Amino acid sequence: MRKVADAKGQVIIVVVFLISRLIMVLSGIRIHVDYAFMHFHDVELIQNRFWESVFYTHAFTPWINMVVGFVFLFPESSHMAIYQTLFYLMSISSLLIFYRLLIYFKIKDWVSVSTVIFFSLIPAYIYFEHFLSYTFPSMLLVLIVTYALLKTLEYDTFRSWLIFFSWCVLLCFVRTTFHYIWLIAIITGVLILQKQLSKKVLLAFALPATLLFGWCLKNFILFGFFGASSWAGFNLSFTTVNRLNLPEKEQLVKAEKLSPLALIPIYSGIESYQDYVDLEEKTGIAVLDETQKGQPGWNNYNHKGFIELSPLRMKDNLFYMKEFPLQYFRTVAVGVAQFFGPTSRWHPHDAAKSPHIPIREKIEGWEDLYNIALHTLPIRKVGLYMFFLAGFAFILFRYLRDLFKWKTFNRREKVFALSAMNVFYVTSLSCLVTIGELARYRFMIEPLIWLLFIVFITESYRKIKTSISARDQT
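Cut-offs and rules
- Residues numbered from 1 in each chain as written.
- Predicted model: local features only at pLDDT ≥ 70, side-chain atom pairs only at ≥ 80, totals over all residues.
- Heavy atoms only, no water.
- Helix = DSSP H or I, 4+ residues; strand = E, 2+ residues; numbered from the N terminus.
- Rg over C-alpha atoms; globule rule 2.2 N^0.38 Å.
- Buried < 20%, exposed > 50% of the residue type's maximum accessible area, 1.4 Å probe, protein only.
- Salt bridge = Lys/Arg side-chain N within 4 Å of Asp/Glu carboxyl O.
- Contact = heavy atoms within 4.5 Å.
- Phe/Tyr/Trp six-rings, centres within 6.5 Å; stacked < 30°, edge-to-face > 60°.
- Lys NZ or Arg CZ within 6 Å of the ring centre and 35° of its normal.
- Patch = residues over 30% accessible without salt bridge, like charges linked within 9 Å, V, L, I, M, F, W, Y side chains within 5 Å.
- Areas by Shrake-Rupley, 256 points an atom, 1.4 Å probe, with all protein chains shown as cover.
- Lys, Arg positive; Asp, Glu negative; His and termini not counted.
- Charge placed at Lys NZ, Arg CZ, Asp CG, Glu CD.
- Disulfide = S-S within 2.5 Å.

Focus: the overall build of the protein chain
Then, in step 1: Of regular secondary structure, the protein chain possesses 22 helices and 0 strands.
Then, in step 2: Taking 474 residues into account, the globule formula puts the C-alpha radius of gyration at 23 Å, and the protein chain, at 24 Å, falls close to it.
Then, in step 3: When the backbone C-alpha atoms are referred to their principal axes, the protein chain occupies close to 80 × 55 × 50 Å.
Then, in step 4: By the burial criterion, 52% of the 474 residues in the protein chain qualify as buried.

Regarding the pattern of salt bridges
Then, in step 1: Enumeration over the complete set of coordinates arrives at 16 salt bridges.
Then, in step 2: When the shortest N-O distance is used, the salt bridge between glutamate 129 and arginine 21 registers 3.0 Å. Highlighted residues: glutamate 129 in helix H7 (residues 123-129) and arginine 21 in helix H1 (residues 2-26), separated in sequence by 108 residues. Arginine 21 matches glutamate 129 in its accessibility class, with the two residues each being buried.
Then, in step 3: As a salt-bridge pair, aspartate 402 and arginine 401 come within 3.3 Å of each other at their nearest N and O atoms.
Then, in step 4: Aspartate 402 gets classed as buried once you look at its relative accessible area, which sits at 7%.
Then, in step 5: Given the relative accessible area of 35%, arginine 401 is considered partly exposed.
Then, in step 6: Salt bridges here are not isolated pairs; linked through shared partners, they connect Arg345, Asp350, Arg360, Glu367 and Asp368.

Points about the environment of lysine 407
Then, in step 1: Tracing the backbone through its elements, the reader meets lysine 407 in the loop between helix H19 (385-404) and helix H20 (411-433).
Then, in step 2: Every residue in contact with lysine 407, bar those within four places of it in the chain, is listed here: Lys195, Asp402 and Glu413.

Some points on the packing of aromatic side chains
Then, in step 1: This model, assessed by the stated rule, comprises 56 aromatic pairs.
Then, in step 2: Their ring planes at 75° and their centres at 5.4 Å tell us that phenylalanine 98 and phenylalanine 119 sit as a pair that is edge-to-face. With phenylalanine 98 in helix H5 (residues 79-104) and phenylalanine 119 in helix H6 (residues 109-121), the pair connects residues that are 21 residues apart, well separated along the chain.
Then, in step 3: Between phenylalanine 234 and tyrosine 273 the ring centres are 6.3 Å apart and the planes differ by 85°, which places this aromatic pair in the edge-to-face class. Placement of phenylalanine 234 in helix H12 (residues 232-236) and of tyrosine 273 in the loop between helix H13 (246-254) and helix H14 (286-289) is noted, with a sequence separation of 39 residues between them.
Then, in step 4: Against the face of phenylalanine 55 rests lysine 218, its NZ or CZ located 5.5 Å from the ring centre.
Then, in step 5: One residue, arginine 442, lies across the ring of tyrosine 385, its end atom 4.5 Å from the ring centre.

Remarks on a negative patch on the surface
Then, in step 1: On the surface, a cluster of negative charge is made up of Asp278, Glu280, Glu281 and Glu308.
Then, in step 2: One can find glutamate 280 in the loop between H13 and H14.

Section: a positive patch on the surface
Then, in step 1: Together, Lys106, Lys108, Arg462 and Lys465 give the surface a local cluster of positive charge.
Then, in step 2: For arginine 462, the position within the fold is in helix H22 (residues 446-473).

What to know about the state of the cysteines
Then, in step 1: For the structure shown, the criterion picks out 0 disulfides.
Then, in step 2: With no disulfide of its own, cysteine 172 lies closest to cysteine 168 among cysteine sulfurs, the gap being 7.2 Å.
Then, in step 3: On the accessibility criterion, cysteine 172 (2% relative accessible area) is buried.

Here is the structure:
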């Protein structure tokens, strides 16, 4: 009977999804594709020098450009349809996995179905589902990793652990937020919760992890840094040096406490750094040598010069954190509030340049209503997420207490712990290293936030109900 109920729930979700997306397509909603975004390579290079361009990618993960390369195998007239089909397939997969997780945590079927359908219609979901970027795929992979752990703990075979860690590694290749440090934290957490050093688990981890560490080693050998992205120094500048106003920067540069790079806007093209890097020196690798990528104003942020500049930026960042620690942590606090702000308004130039503008023209009323309801009270912008944060603090305290007591966790608690860890990790890392687009980062873990909160509320209600019932019987 449970399988029948679950099947009906999944059918309802699929039917509602298909009807809603058909309505969107008929109303003119299309996926937004813009190769000017910094994580894309020159399309011509992707077409004609694909493997070279992928291999010499250092600024970002290679995944999104590999997708573009695959799509460009087909006629240009079909590209938009392929992108949209791919994202719709990812979307329905996300919803069904979200539903299965809710059911696993014993949330009533009608509540689970309603939650998933509502989630599929919130403005941010519609926006990211129609935006060619790594945000939506990352959200799907976070769900897959969570569900994969559930199944892995159920079967506990080498194959199941290998599949779980393979999904984790794929997530690292899609989104730099999931650093190899995150992967190490995952295996550490698994071993702590399992309370044993299992050769089966360690070998299953080592095989896919070798691919990620091999990619990082490739970057170390070719470019001199061990990691997935050469832009660490630039990214951290948002929460540090970039918070200073121009006179403050000029004064610190004059005092030789900051490098002159602090005066150059972060997203400037490599030509702005011609006094610091040799633009005439060529490697013969187009994706490293080109200053632009096809169109005027489309800067190539994968230029080799940025590899030399990033450590200089990082040195300035470390100076700022040492000299202005209170200002830095104040920025982090502001970032936490921004992280839980309206996800559909993440773009720094939202009114004029947001990729969501064409769709916003059709659903702006719904977007405004949703953001008012969710992000107004009790604190502006953060809104109802204040209640989640309060519950989440309790969840973290409980799990940390149980870990120190060396308590044995059951399968359900282990999956819940992984979900809580991922929410904490993404929130903390995002707010510590950047600011400005943090609400977009939250979308990657949005289903986990909903899952944790719903389970927390449901369990609290059941405990209160049981306590009242026991008291009445006495």
